[in-house]
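These are the residues of each chain, in order.
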Amino acid sequence: MDLKLLRNFLAVARTGNITRAAGMVFLSQSALSKQMKELEAEFGCALFERIASGLRLTEEGLLLQKRAEDIVSLVDKTKQEFKDLEDIMGGDVHVGAPESCHMDIFARELFAFRKKHPGLRCHLISGMTEQVTEKMDQGLLDFVIISGLPDTGKYDRIRYPADDRWGIVARRDHPLAALNKITIADLLPYNVIVSTQGLSEEISGWCGERAKELKVTDTVNLAYNGSVFVKEQVAVMLSYQGLVNTSPENGLTWIPLYPELTTPSYLIWRKYQKFTPIVGKFLEHLSEAFKRLNEASHFRDPAASE
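Residues numbered from 1 in each chain as written. Predicted model: local features only at pLDDT ≥ 70, side-chain atom pairs only at ≥ 80, totals over all residues. Heavy atoms only, no water.

A. Geometry of the packing of helix α5 (residues 103-114) against helix α10 (residues 277-297). Axis separation between α5 and α10 bottoms out at 10 Å; the angle between their running directions is 125 degrees. Comparing their axes, α10 and α5 come out oblique. When you trace α5 past α10, the crossing you get is right-handed. Taken together, the residues of α10 that come into contact with α5 (itself represented by Ile105, Phe106, Glu109, Leu110, Ala112 and Phe113) are Ile278, Lys281, Phe282, His285, Leu286, Ala289, Phe290 and Leu293. Residue classes in the contact of α5 with α10 are distributed as 11 nonpolar, one polar and two charged. (Axes fitted to C-alpha atoms, helices over the stretch in contact; angles between N-to-C directions. Helix = DSSP H or I, 4+ residues; strand = E, 2+ residues; numbered from the N terminus. Parallel < 35°, antiparallel > 145°, perpendicular 65-115°, else oblique. Left-handed = near helix turned anticlockwise from the far one by under 90°. Contact = heavy atoms within 4.5 Å. Nonpolar A, V, L, I, M, F, W, Y, C, P; charged D, E, K, R; others polar.)

B. Focus on the packing of helix α1 (residues 3-15) against helix α2 (residues 18-25). Close contact between α1 and α2 brings their axes to 8 Å; oriented N to C, the two are set at 140 degrees. Classified by the angle their axes make, α1 and α2 are oblique. The two elements α1 and α2 meet at a crossing, and its hand is right-handed. Residues Asn8, Ala11, Val12 and Thr15 of α1 lie in contact with α2, whose contacting residues are Ile18, Arg20, Ala21, Met24 and Val25. A per-class count over the contact of α1 with α2 returns six nonpolar, two polar and one charged.

C. Fine view of the environment of Leu261. For Leu261, the position within the fold is in the loop between β10 (252-256) and β11 (262-270). Through-space distance from the C-alpha of Leu261 to that of Arg67 is 38 Å; in sequence the pair is 194 residues apart. When neighbours within four sequence positions are excluded, Leu261 is seen to be in contact with Asp164, Arg165, Trp166, Glu202, Ile203 and Trp206.

D. Representation of the side chain of Glu109. The residue Glu109 is located in helix α5 in this model. Beyond its immediate stretch of four places on either side in the chain, Glu109 contacts Phe282, His285, Leu286, Ala289 and Phe290.

E. Expanded view of helix α6 (residues 129-137). Thr129, Val132, Thr133 and Met136 are the residues of α6 that are buried. Relative to the axis of α6, the buried residues are bounded by an arc of 95 degrees and lie together on one face. If you follow the buried residues of α6, they end up packed against β3 (90-97), β4 (119-126), β5 (143-147), β6 (155-171), α8 (196-207) and β11. Backbone geometry just downstream of α6 places Gly139 in the positive-phi region, at approximately 85 degrees. (Buried < 20%, exposed > 50% of the residue type's maximum accessible area, 1.4 Å probe, protein only. Arc of directions from axis to C-beta.)

F. Fine view of the pattern of salt bridges. All chains considered together, the criterion is met by 13 salt bridges. Of the charged contacts, one joins Arg14 and Glu69 as a salt bridge, the two residues approaching to 3.9 Å between their closest N and O atoms. Linking Arg14 in helix α1 with Glu69 in helix α4 (residues 59-84), this pair joins segments that are 55 residues apart in sequence. Owing to a relative accessible area of 29%, Glu69 belongs among the partly exposed residues under this scheme. As a salt-bridge pair, Arg157 and Asp301 come within 2.9 Å of each other at their nearest N and O atoms. With Arg157 in strand β6 and Asp301 in the segment after α10, this residue pair connects regions lying 144 residues apart in the sequence. (Salt bridge = Lys/Arg side-chain N within 4 Å of Asp/Glu carboxyl O.)

Right, dumping it as structure tokens:
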């Protein structure tokens, strides 16, 4: 099995059609079909099943698709890194980050860095902490921004100069919308939507002994999709401030939790990680900028006591 074969498999997987995929990879239909049969023989299982509209991946095919996407992405990233070794002024940086209203800080520093290094290309992937750190551990991301405390045994870090504040998103005609702060007692009568990460960490701690009484009916990893549930009266949503449009026209409002609950964020990277020159310079720029901002805002590093 070679890299070209994996790329051809991905073309078939994405299109679900041998003819269209053959045109994309510049092979005849018969040649591509033969390759897919050889791939199935190599793995000893069926990777596709025939349906009326073409082909559909089997469970084994879905697994291979995920692994092939990671392998191809890593190979492409590695090739680009070797090219970037000779290009101090430009290159690619791959960053993971959560949903946060404080991503403007990162964006401003990217803009400032580009004034001296206009050739830097930033590829941003959004996801929860577990998702982005997994990709970084696989070598697919250079560094990531995470919500919550990092594993200081695995990663180097610098405190991100902002905290995310928790509250609820509710319809403006919901009974909770009349309150200016939300306690656990206020929340218990209602169905709740929350991210799985937030539920297992911060929210459980905030609820204390009453955590098991919280009526979590749904979980989401994107605040926008959760806000749609809220608008359709499925539940109220526990969410960071600033992630959802809460303008009067949108019919939603955000109300802070009480006692106040905030989550620190960190920029982290793998210990002993070797970066291309441009990525190393950008990380140095971010570290210095975040240090200045932390000192100005008197932010401490909770992970330092871990």
